[in-house]
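# Structure assessment
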Amino acid sequence: MSATDDATATFHEFDRDGDGYITREEFVLAMNAKGEEVTAADLDSIFNAADARDGDADDRISFAEFLVAWNA
Ligand SMILES: [Ca+2]
Ligand SMILES: [Ca+2]
């Protein structure tokens, strides 16, 4: 399994409704499912950093944005 396959599997795990974007709500649900707490400040820094990379600032993480974070 390549690193990209891992990223793809993880992205789909987070993207519960399968629309190709991870919302803040989906992110929190996925992290909670892993037993991780996510604060509003964590969310702000993660989503603002992701959106800063592609400049679409839609407050969602696309697969392209996710891959950049994954490989960082
Ligand atoms: Ca989604
Ligand atoms: Ca985005």
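Everything that follows concerns the structure shown earlier in this document.
Residues numbered from 1 in each chain as written. Chains lettered and ligands numbered in written order. Predicted model: local features only at pLDDT ≥ 70, side-chain atom pairs only at ≥ 80, totals over all residues. Heavy atoms only, no water.

### Topic: the coordination of the calcium ion (ligand 1)
Each pair of donors in an ideal four-coordinate tetrahedral metal site encloses 109.5 degrees, whereas pairs in an ideal six-coordinate octahedral site enclose 90 or 180 degrees. Bound to the calcium ion (ligand 1) are the protein donor atoms Asp15 (OD), Asp17 (OD), Asp19 (OD), Tyr21 (O), Glu26 (OE) and Glu26 (OE), situated 2.2 to 2.4 Å from the metal. Angles of 54 to 155° at the metal separate the six donor atoms of the calcium ion (ligand 1), which places the site in the irregular class. In the primary structure, the donors to the calcium ion (ligand 1) are separated according to the pattern D-x1-D-x1-D-x1-Y-x4-E. Under the relative-accessibility criterion, aspartate 19 is labelled partly exposed at 38%. (Donors = N, O, S within 2.8 Å, 3.2 Å for Na, K, Ca; no water. Tetrahedral: all angles 85-135°; square planar, octahedral: opposite > 155°, others 65-115°. Buried < 20%, exposed > 50% of the residue type's maximum accessible area, 1.4 Å probe, protein only.)

### With respect to helix H3 (residues 40–54)
A rise of 1.5 Å per residue sets the reference length of H3, with its 15 residues, at 21 Å; its end C-alpha atoms lie 22 Å apart and thus fit the reference within 8%. When H3 is considered as a whole, its buried residues turn out to be Leu43, Phe47, Ala50 and Asp51. Projected down its long axis, H3 carries its buried residues within an arc of 95°, all on one side. In H3, the exposed positions that point more than 90 degrees away from the buried face belong to Ala41 and Ala52. For H3, the elements touching its buried residues are strand E1 (21–22), helix H2 (24–33), strand E2 (61–62) and helix H4 (63–71). (Helix = DSSP H or I, 4+ residues; strand = E, 2+ residues; numbered from the N terminus. Expected span 1.5 Å × (residues − 1). Arc of directions from axis to C-beta. Contact = heavy atoms within 4.5 Å.)

### What about the pattern of salt bridges?
Within the structure shown, the criterion is met by four salt bridges. Note that aspartate 59 is salt-bridged to arginine 24, the shortest N-O span being 2.9 Å. With aspartate 59 in the loop between H3 and E2 and arginine 24 in helix H2, this pair connects stretches of sequence that are 35 residues apart. Of the charged contacts in the structure, one is a salt bridge between aspartate 58 and arginine 60, with a shortest N-O distance of 3.5 Å. Judged by relative accessible area, arginine 60 falls into the partly exposed class, the value being 29%. Each of Arg24, Asp44 and Asp59 takes part in salt bridges that share partners, so that together they form one network. (Salt bridge = Lys/Arg side-chain N within 4 Å of Asp/Glu carboxyl O.)

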